[in-house]
Amino acid sequence: MEKRQKAFQFLFVVFLVLLTSHESKLIANTINQSVKNFGKKTYQASNQNWSVDAGPNGFMYFANHKGLLEFDGINWKLYKLPNETIIRSVLVATDSLIYTSGYRELGFWKPDVNGQLTYHSLNSLAEKYFTQNEEFWNISTLGSTVYFHSFTRIFAYKNDSIVPFSVPGFTNTMNRVGNKMLIAVKNRGIFSIEGGTSVPIATGSFFMDKVVSFLLPYKKNQLLIGTMSSGIFIWDGKQIYEWNRKWSDYFKKNEVNRAYWNNQQQLIVGTILDGISIFDEEGEFIAKYNTFNGLQNNTILGIVVDKFDNIWLSLDSGIDFISNDSNYGFQIETIPGIGAVYDAAIFENKIYFGTNQGLFSRDLYNNNGDYLLVPGTQGQIWDCHVFDNHLFAGHNEGIFMIKNGVSQLISQQAGGFSIRQDPLQNNYLIESTYTSMPKLKKVKGTYVQDGLIKGFFDLIRYIEIDHLGNIWASHMHRGIYKLQLNDSRDSVINKIYYGEQSVFKKDHSVHVFKVENRIVFTSEELLYTYDDLNDSIIPYLFLNDKLGDFARSHRIIEAPDHHYWFVCKEKIGLFVIYNNTVSLIKSYPRSLFSDNQLIDDFENILPLTITKAIVCLENGIAQLDAAISDSISEIRNFTPHLRELKLTSRNGDINLLPANKNTAFVKFNYHNIRVRYSFPLYTHNPIYFQSFMKGLDQNWSEKSNDPQFVFDRLPAGEYELLVKAVDQWGIESQVDRLLITVAPPWYLTNYARVGYSVMFLAIIFGFRDWGIKQTRKKERLQLEKREKELIRLRNEKLRTEVKHKSKELANSTMAIIKKNEFLLEIKKIVADQKEQLGTRYPDKYFNHIISKIDKNITSHDDWQLFETNFERAHEQFLTKIKEINPQLTPGDLRLCAYLRMNLYSKEIAPLLGISVRGVENHRYKLRKKLHLSPEENITDYILKL
């Protein structure tokens, strides 16, 4: 353990030397990770961008050849001038006021209620002063006055009026320095615009044949003067002398075009031929950015620094962003051509990488050098380990020892994975391989193989040796072995396997490491440890409790001074573990390496100091410094800003709502909602966005790079849309809240509900009235039915009665007929007897009998009986016939009654006591009295009455 600590101390010293002597080179080697390029395909405008400025709200604006470019951190938008001319300069006065100028054009932009910029031209005030090809290249403000600079004049805008100022010659540049507006006049010098005139500040022969490219304030009220091809100078109020003389040739050669002081008082110098260079206030070089390390183009037309001290460059071709990421604590270096990096080591002033293509090295102090393959080591390298001033490389074909840049194969046991010193034999190392565990013995200052440990052959990934000399070996895929060796340490005398039937409850993903000289097992669920007192494996409750999520680690790497790196599936973290304290120094989400990932199941970290380390990646390395805090935590202070709220109907109609409010009222026919957000927190690392619609969603949405969210066919109701930004570290921004009210469809509005209520009441009352009517109708029908039934019964009764009476009438009539016929027959017999007897038959007897017979034939009682029965059968008939002809005699009425009964003349004759001929004569007379025509049948007529 003591030698291991010495090895770490050696690495620590080496790395400190590296950082102290070559810090700038290290930055330069990885700086391209901080540069982000935006080409015209991205921002959809012209290549050339003449000027750049940053808004207080973080929005960036660019004077593009085609118009004004706006970038809100997520989205680009091009605003063209109404006359579609070029824009040369842009100046952001406030978040809601942006000035631009160009070819024969001055004006400003203001956002409307939807956040879209609208242009207000000042040409109506200034155009009368324009020369034929007036072109404005710079804009500056002093107090409430805005100054527009062309090569031959200055235009001052204030209180909605423009005043032109003549200048004493061709002016190259203009800038506010302190409380003065300065201009540089070719071959003349520096002038101040005061009271409408140009006042000389610094003039003389120095300025002959020099083109001034920038004017900036310098310390102690001095002026920094940059020239195109003559260098950079300081004017102290009396004399002019050169600034940063050792870089003078560089400035002259590459043509200085722009300069800008950042927030750390570092001067950013932009050139025409070689990008930008950064210097401190005294002129000491800090960094350089050109096409060799990330820029798209070397011609710098504009420079500005945003509030995060990120650098924005407007280029002759494109836009570049340089992130101020020096405090992020990690840098990724892509190393092409060497393969996937499985392990790393620093040895003999070289850095070594063990990859799937071999062992590569590079001089530790030559960051621009190439990585070279160590001869004879091509193939898979699994492990690199520095011990006792030797570098051991576990290779697919065996174990290599590296010394003075030369490799030596010291063991042919294929697949060296893990090498450890035997604590019971200090001059021996034990290595795990594909099949066995060879022993390496130190002989005369070097190491040679001294046999294999007998009695055990298996594929072992990691080994650790406890203080009792037991070897703990974790299989590549299946379980843990505890191996007890004999006294000579060359044979296994006892072997115990811990797998699915052990405390682990599994036989896979279990590995062994050491923490504070104690055996620790990882299972990707919990940590376990060896209890030597009870000779058992138990959960490591102390670490499990203190490590939190890192208790699920599957890899542990020891660093100096009680520090340990833990590797999980989701993140890696550095802890300090000492006595009874466990402290997290810093954790890194593995999403940081999404573009260049750690090798799954073969993650490896090379600790350099207690906080610095190199992480092995699939195509390079990452340099970590856990001592550096995360400036990106600035995200906590920011809130996504709603930029667009678009509503769409079913047929595709679009309605834009103001995006400057925290509430939105949405008509139901426009309930397809799309929201778009901005988030001007600039970094080269990705930022993700999530939404949560209260009242609709159950959880936050999946992370998205695009802060645009769509909600189709949102039901009527009230919702609250929450939107937040999340970085790779899991740090969240403030939450933006938007209250959305989706109105119900017209058929669910309050008015509709009132209408429905009225309709419902109308239906109820209508149904009630209908029910009442139906009930009454039913009752009426039932009454009518009963009445009809009564009438039917009554009629049936009447018919029965009539039938009965008619029968009685017929019977009585037949009786009368029979009686009269009998009497008439007797009368005839008596008459015949009288005729035969003559006088012998006395007249008085004959007349008496005839009189009696006649009296019975015309009996009043018979008529009364007949009339009574007739009236019952034929109600009101005699009354009706009398009404027709009151002159009818009783004999006529009797004949009508007999005709009503449809009796024949021969049947009527006995009733009347006359002959059939007499009946016919009587019928004839009756026809006349009834005024019947010859065609009418008297019987039919009477039957119809």
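Just so you know, these numbers come straight off a predicted model, no measurement behind them.

Student: Explain the confidence of the model for the chain here, please?
Tutor: Residues shown with low pLDDT carry predicted positions that ought not to be read at fine detail. On average, residues of the chain carry a pLDDT of 88, and 92% of them reach 70 or more. Contacts of residues 1–31 to residues separated by more than four positions or lying in other chains number 41 contacts, the stretch itself having pLDDT below 50.

Student: Would you explain the pairing of strand β10 (residues 136–142) in this entry?
Tutor: A regular strand carries its side chains on alternate faces of the sheet. Burial runs high along β10: five of the seven residues are buried. When β10 meets strand β11 (residues 145–150), the two strands line up antiparallel, connected through six bridges. Residue pairing across strands places T141 opposite V146, the latter belonging to β11. In textbook terms, the turn of a hairpin is the stretch between consecutive antiparallel strands, and for β10 and β11 this stretch comprises two residues, one of which, G143, has a positive phi near 65 degrees.

Student: What should I look at first to understand the nonpolar core in this one?
Tutor: Among soluble globular proteins, nonpolar side chains are generally buried collectively. Among the nonpolar cores identified, the biggest contains 64 residues, and W312, W565 and V675 are the most heavily contacted of them. At four residues, the largest contribution of residues to this core is made by strand β63 (residues 717–727). By size, the runner-up hydrophobic cluster in this structure holds 27 residues, among which are Y498, I519, V520 and Y540.

Student: Help me out: how do you make sense of the side chain of S411 in this one?
Tutor: Within the element layout of this structure, S411 appears in strand β37 (residues 406–411). A distance of 2.6 Å separates polar atoms of two side chains, one belonging to S411 and the other to Q449. What S411 contacts, discounting residues up to four positions off in sequence, is E397, G398, I399, P438, L440 and Q449.

Student: Teacher, can you tell me more about the environment of T355 here?
Tutor: Looking at the element boundaries, T355 is found in strand β31 (residues 350–355). For T355, a relative accessible area of 0% puts it in the buried group. For the pair T355 and I772, spaced 417 residues apart in sequence, the C-alpha to C-alpha distance is 97 Å. Beyond its immediate stretch of four places on either side in the chain, T355 contacts I338, G339, A340, V341, Y342, F360, G379, Q380 and I381.

Student: I'm lost on the packing of helix α11 (residues 890–900) against helix α13 (residues 916–929) in this one. Help?
Tutor: The geometry of a pair of packed helices is captured by two quantities: the angle between their axes and the separation between those axes. Where α11 meets α13, the axes come as close as 10 Å, and the angle between the chain directions of the two elements is 100 degrees. Relative to α13, the element α11 is oriented roughly perpendicular. Residues G891, D892, L895, C896 and L899 of α11 form the contact with α13, whose participating residues are H922, R923, L926 and K929. Of the residues contributing to the contact of α11 with α13, the split by class is four nonpolar, two polar and three charged.

Student: Can you help me understand the sheet that holds β11 in this one?
Tutor: Whether parallel or antiparallel, the strands of a sheet pair through hydrogen bonds between backbone atoms. If you trace the four strands from one edge of the open sheet to the other, you get β10-β11-β12-β13, paired in antiparallel fashion. Strands with a single pairing partner mark the edges of an open sheet, and in this sheet they are β10 and β13 (161–166). Mean inter-strand twist for the sheet, computed between neighbouring axes without regard to direction, equals 25 degrees.

Student: In this structure, what is going on with the packing of aromatic side chains? I would like to understand it.
Tutor: Any aromatic ring pair is given by two values, namely how distant the centres are and how the planes are angled relative to each other. Scanning the entire structure with this criterion turns up 59 aromatic pairs. An angle of 65 degrees between the planes, with centres 5.2 Å apart, marks the rings of F38 and W76 as edge-to-face. Of this pair, F38 sits in strand β1 (residues 35–38) while W76 sits in strand β5 (residues 76–79), and the two are 38 residues apart along the sequence. The pair formed by F38 and W76 is uniform in burial state, with each residue classed as buried. Geometrically, the ring pair formed by F38 and W312 is stacked, given 6.2 Å between the ring centres and 10 degrees between the ring planes. Taken together, the positions of F38 in strand β1 and W312 in strand β27 (residues 311–315) put the pair 274 residues apart, joining distant regions of the chain. Pair check on accessibility: F38 and W312 agree, each one buried.

Rules of the game
Residues numbered from 1 in each chain as written. Predicted model: local features only at pLDDT ≥ 70, side-chain atom pairs only at ≥ 80, totals over all residues. Heavy atoms only, no water. pLDDT = per-residue confidence, 0-100. Contact = heavy atoms within 4.5 Å. Buried < 20%, exposed > 50% of the residue type's maximum accessible area, 1.4 Å probe, protein only. Helix = DSSP H or I, 4+ residues; strand = E, 2+ residues; numbered from the N terminus. Pairing = 2+ DSSP bridges. Core = buried A, V, L, I, M, F, W, Y, C linked by side-chain atoms within 4.5 Å. Polar contact = N/O pair within 3.5 Å; in protein donor to acceptor, adjacent residues only side chain to side chain. Axes fitted to C-alpha atoms, helices over the stretch in contact; angles between N-to-C directions. Parallel < 35°, antiparallel > 145°, perpendicular 65-115°, else oblique. Nonpolar A, V, L, I, M, F, W, Y, C, P; charged D, E, K, R; others polar. Phe/Tyr/Trp six-rings, centres within 6.5 Å; stacked < 30°, edge-to-face > 60°.

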